[in-house]
Amino acid sequence: MGTIRLTTAQALIKFLNQQYIHVDGKEFPFVEGIFNVFGHGNVLGIGQALEQDPGHLKVIQGKNEQGMAHAAIAYSKQMLRQKIFAVTTSVGPGSANLVAAAGTALSNNIPVLLLPADTFATRQPDPVLQQVEHEYSTAVTTNDALKPVSRYWDRITRPEQLMSSLIRAFEVMTDPAKAGPATICISQDAEGEAFDFDEKFFEKRVHYLDRKLPTDRELKGAAELIKSSKKPLIIVGGGAKYSQARDILIKLSEKHDIPLVETQAGKSTVESTFKNNLGGIGVTGTLAANKAAKEADLIIGVGTRYTDFTTSSKTAFNFEQAKFLNINVSRLQAYKMDGFQVVADAKTTLELLFPLLDGYKSEFGDQIVELKEEWLRERDRLSKIVFDRENFTPEIKDQFSQEVLNEYADALNTELAQTTALLAINEAVSPDSIIIGSAGSLPGDLQRLWHSTEPNTYHMEYGYSCMGYEVSGALGIKLAQPDKEVYAMVGDGSFLMLHSELVTAIQYNHKINILLFDNSGFGCISNLQMGNGMGSYYCEFRTHDNQIMNIDYAKVAEGYGAKTYRANTVEELKAALEDAKKQNVSTLIEMKVLPKTMTDGYESWWHVGVAEVSEKESVQKAYEAKQQKLKTAKQY
Ligand SMILES: Cc1ncc(C[n+]2csc(CCOP(=O)(O)OP(=O)(O)O)c2C)c(N)n1
Ligand SMILES: O=C1C[C@@H](O)[C@H](O)[C@@H](O)C1=O
Ligand SMILES: [Mg+2]
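As recorded in an unreviewed UniProt entry, the protein chain goes by 3D-(3,5/4)-trihydroxycyclohexane-1,2-dione hydrolase and comes from Aeribacillus pallidus. Check the Pathway (unreviewed entry) section of the UniProt entry for the protein chain; it says "Polyol metabolism; myo-inositol degradation into acetyl-CoA; acetyl-CoA from myo-inositol: step 3/7."

This brings us to the UniProt feature "binding site: thiamine diphosphate" (unreviewed entry) in the protein chain. According to UniProt, the positions carrying the feature "binding site: thiamine diphosphate" (unreviewed entry) are Glu65. Note that Glu65 resides in helix H3 (residues 65-78). What makes Glu65 buried here is its relative accessible area of 10%. Sequence-distant contacts of Glu65, that is, excluding residues within four places in its chain, are made with Val37, Thr89, Gly94, Asn97 and Leu98.

What follows concerns the coordination of the magnesium ion (ligand 3). Looking at the magnesium ion (ligand 3), one finds its protein donor set to be Asp492 (OD), Asn519 (OD1) and Gly521 (O), positioned 2.1 Å from the metal centre. Sequence positions of the donors to the magnesium ion (ligand 3) reduce to the motif D-x26-N-x1-G. Under the relative-accessibility criterion, Gly521 is labelled buried at 8%.

Surveying the vicinity of ligand 1 reveals 15 residues, the closest of which are Ser441, Asp492, Gly493, Gly523 and Cys524. Between Gly493 and ligand 1, the recorded distance is 2.7 Å, taken from a backbone N or O atom to an oxygen atom. Ser494 has a polar backbone atom sitting 2.8 Å from an oxygen atom of ligand 1. In isolation ligand 1 exposes 580 Å². Once the protein is present, 78% of that is buried. A majority-of-atoms criterion places ligand 1 in the largest pocket. Looking at the shell around ligand 1, the elements with two or more residues in it are helix H20 (492-497) and helix H22 (523-531). Among the elements that make up the shell around ligand 1, the one with the highest residue count is H20 (4 residues).

The next subject is a nonpolar patch on the surface. There is a patch of nonpolar side chains on the surface, built from Phe38, Val43 and Leu44 and spanning about 280 Å² of accessible area. Assignment of secondary structure puts Val43 in the loop between strand S4 (31-36) and helix H2 (46-52).

Moving on, we get to the sheet that holds strand S11 (residues 205-208). In sheet architecture, strand pairing relies on hydrogen bonds along the backbone and comes in two forms, parallel and antiparallel. Read across the open sheet, the 3 strands follow the order S3-S2-S11; overall the sheet is mixed. Sheet topology places strand S3 (26-29) and S11 at the edges, where each strand pairs with a single neighbour. Strand-to-strand, the axes of this sheet are offset by a mean angle of 30 degrees, without reference to chain direction. As paired strands, strand S2 (residues 19-23) and S3 are joined by 4 bridges and run antiparallel to one another. Bridging across to S3, Ile21 finds its partner in Phe28.

We now examine the packing of helix H10 (residues 246-256) against helix H14 (residues 346-353). Their axes nearest at 9 Å, the elements H10 and H14 cross at an angle of 35 degrees. Crossing angle aside, the handedness with which H10 passes H14 is left-handed. Here Ile248, Leu249 and Leu252 of H10 lie close against H14, whose contacting residues are Lys347, Leu350 and Glu351. When its residues are assigned to classes, the contact of H10 with H14 shows 4 nonpolar, no polar and 2 charged.

With that settled, consider the confidence of the model for the protein chain. On average, the protein chain scores 98 in pLDDT, and the residues at 70 or more come to 100%. Overall fold confidence for the complex sits at a pTM of 0.98, while the interface term, ipTM, reaches 0.99.

Once that is clear, we can look at the packing of aromatic side chains. Given two aromatic rings, one states the distance between the centres and the angle between the planes to describe the pair. A full pass over the atoms with the stated rule returns 20 aromatic pairs. With a centroid separation of 4.6 Å and 20 degrees between ring planes, the pair formed by Phe15 and Phe201 is classed as stacked. Note that Phe15 is positioned in helix H1 (residues 8-16) and Phe201 in the loop between strand S10 (194-198) and S11, a separation of 186 residues in sequence. For the pair shown, Phe15 and Phe201 are each scored as buried. Look at Trp375 and Tyr602: their rings are 5.0 Å apart centre to centre, the planes differ by 90 degrees, and that puts the pair in the edge-to-face class. One end of the pair, Trp375, is in helix H15 (residues 367-382); the other, Tyr602, is in the loop between strand S23 (587-592) and helix H25 (617-630), and 227 residues separate them in sequence. With a relative accessible area of 5%, Trp375 lands in the buried category. Counting every residue linked through ring pairs, the aromatic cluster contains Phe15, Phe30, Phe170, Phe195, Phe197, Phe201 and Phe202. Against the face of Phe364 rests Lys231, its NZ or CZ located 5.0 Å from the ring centre. The side chain of Lys251 reaches across the aromatic face of Phe354, ending 4.6 Å from its centre.

Scoring rules and cut-offs
- Residues numbered from 1 in each chain as written.
- Chains lettered and ligands numbered in written order.
- Predicted model: local features only at pLDDT ≥ 70, side-chain atom pairs only at ≥ 80, totals over all residues.
- Heavy atoms only, no water.
- UniProt positions renumbered as here; feature names shortened; annotations may be inferred.
- Helix = DSSP H or I, 4+ residues; strand = E, 2+ residues; numbered from the N terminus.
- Buried < 20%, exposed > 50% of the residue type's maximum accessible area, 1.4 Å probe, protein only.
- Contact = heavy atoms within 4.5 Å.
- Donors = N, O, S within 2.8 Å, 3.2 Å for Na, K, Ca; no water.
- Near = heavy atom within 4 Å.
- Polar contact = N/O pair within 3.5 Å; in protein donor to acceptor, adjacent residues only side chain to side chain.
- Areas by Shrake-Rupley, 256 points an atom, 1.4 Å probe, with all protein chains shown as cover.
- 1 Å grid on protein atoms, 1.4 Å probe; cavity = no way out; pocket = protein on both sides within 12 Å on 5 of 7 lines; lining within 4 Å.
- Sits in = over half its atoms within 2 Å of the grid points.
- Patch = residues over 30% accessible without salt bridge, like charges linked within 9 Å, V, L, I, M, F, W, Y side chains within 5 Å.
- Salt bridge = Lys/Arg side-chain N within 4 Å of Asp/Glu carboxyl O.
- Pairing = 2+ DSSP bridges.
- Axes fitted to C-alpha atoms, helices over the stretch in contact; angles between N-to-C directions.
- Left-handed = near helix turned anticlockwise from the far one by under 90°.
- Nonpolar A, V, L, I, M, F, W, Y, C, P; charged D, E, K, R; others polar.
- pLDDT = per-residue confidence, 0-100.
- Phe/Tyr/Trp six-rings, centres within 6.5 Å; stacked < 30°, edge-to-face > 60°.
- Lys NZ or Arg CZ within 6 Å of the ring centre and 35° of its normal.

Okay, here's the thing in structure tokens:
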């Protein structure tokens, strides 16, 4: 047996360089690069290995562990899970900062390789700087906090453990049914320890992303269900996008008059302009999709997890009549809603189903176009909202008085409504631009209103809805698609929470554009509290003496080196967007928008934990209303 003497970290980097993926006849390296924030835990191990020989890996210095991991996740999501970045952090707080990002990757089923350093395997210098100590165990470290948010988790205390651990991690990350974060924590001393590794371990290794075929039983059952239904509806989920099922979805929908509705992860699998695409479904859905969902007697869930936002907390459908047909690579997902399960690749299954449905037409007929036209009229209305200081009714009604709305208009010096700004942006940016979002009120507005006219141009992280993903993720998308303009759609709250990777984008000249919607507060949470009977409580950004904060975010970004704009009218916004396109450096457009001017519910419902007892009558009423609505929901 030929061996090669390497440190654990050197072996790790050598191995990462030899991992390939094979998808639909194409083969390419699976690991594009590695983000790092170095500390004492990893700089002398992984840092030394990278300095010595990074191979083809792009090495990028991050600014915050969560931020750089979000960038890595967005890269992988944008690459349809066919390529990844690894992420190396130091020990203790460096690894703790990964927890929110790992949760983001896990709930969105996105592969990413997380490599936090761990405390000393020998324990000789314990407690090392940044080591937590427990009375009950010495074996527990900060990295144990990553267990619940990892699809695969391991701790390496000896160099030779690395071999089996890496093979398992790559098996998990390249399986569409299990894809998620693989976390390998490596003891600080073990990173630098040497071993005679079997040379075979470093040979080129190809991971096959084969399309899992449905069985004859599954296909027959699915075809029978569709043929015996009158009004079937297809939910296009993230799985449909990763499987690249666009063409067959359009073919099926057109031939059989089956409307398509989209989840956040599924949006931009099929272009919004396709006549049978009724847009987003559920809590943040369109009126068209939500109406169609209520009428459907068969829900065909293609690669969807049926989250509460998709199902309007299990009230979106008429459960008396609706059956479910679930096409999903994951058995866990396929079992949901008591559906008929087809555990297989979305695109392949739909292609095999197509010839079995010959002669079938749904009863939706012209209704699909009528629903779509009704929604387009509403979308048009939302593009032309004009503020009125005497008598203005915002989309989110009965929460802020005219007086408070005027106070915002004065304090932020704006009359711009969020929906109007958003739709002006949709018109102004080029259709192949990629937009990204994740938290706040923007995901709802985007799922409803944004028209994605090209595939894979809508990138929404709404599995974890993690504030701070927007700016960091924009960098990851830019790394995946350097020729496209990337726009981060971000609220002021999310921007404040995390935007450190803007500096990384500027540093490495990966241009991103930040569209900052500043309503001076946690707007959607304000809607939620006031919509459920509470007052306005700690969701507005007000000073100690109750003044609305007017923060100069453009100045902040300017300080980092971004080209910045302030746009409080549609005209200013359009001019800024045009100028931003000409820039080579990252840009930020700050828009002050009026609170409560985001879209509302469109016949959806979200089950939230309203207080059962309260001193406020309005909260008591909200609780009663919730209890009533719950009676109409499917119980599980
Ligand atoms: C990391 C994280 N913390 C908390 C939340 C809960 N949360 C969701 S939206 C939101 C406020 C968002 O404010 P902003 O970004 O300004 O968007 P707006 O709703 O005002 O449009 C909060 C606190 C979250 N989604 N993610
Ligand atoms: O709690 C939340 C409310 C949602 O409206 C929002 O989009 C999401 O970010 C969230 O976390
Ligand atoms: Mg806000």
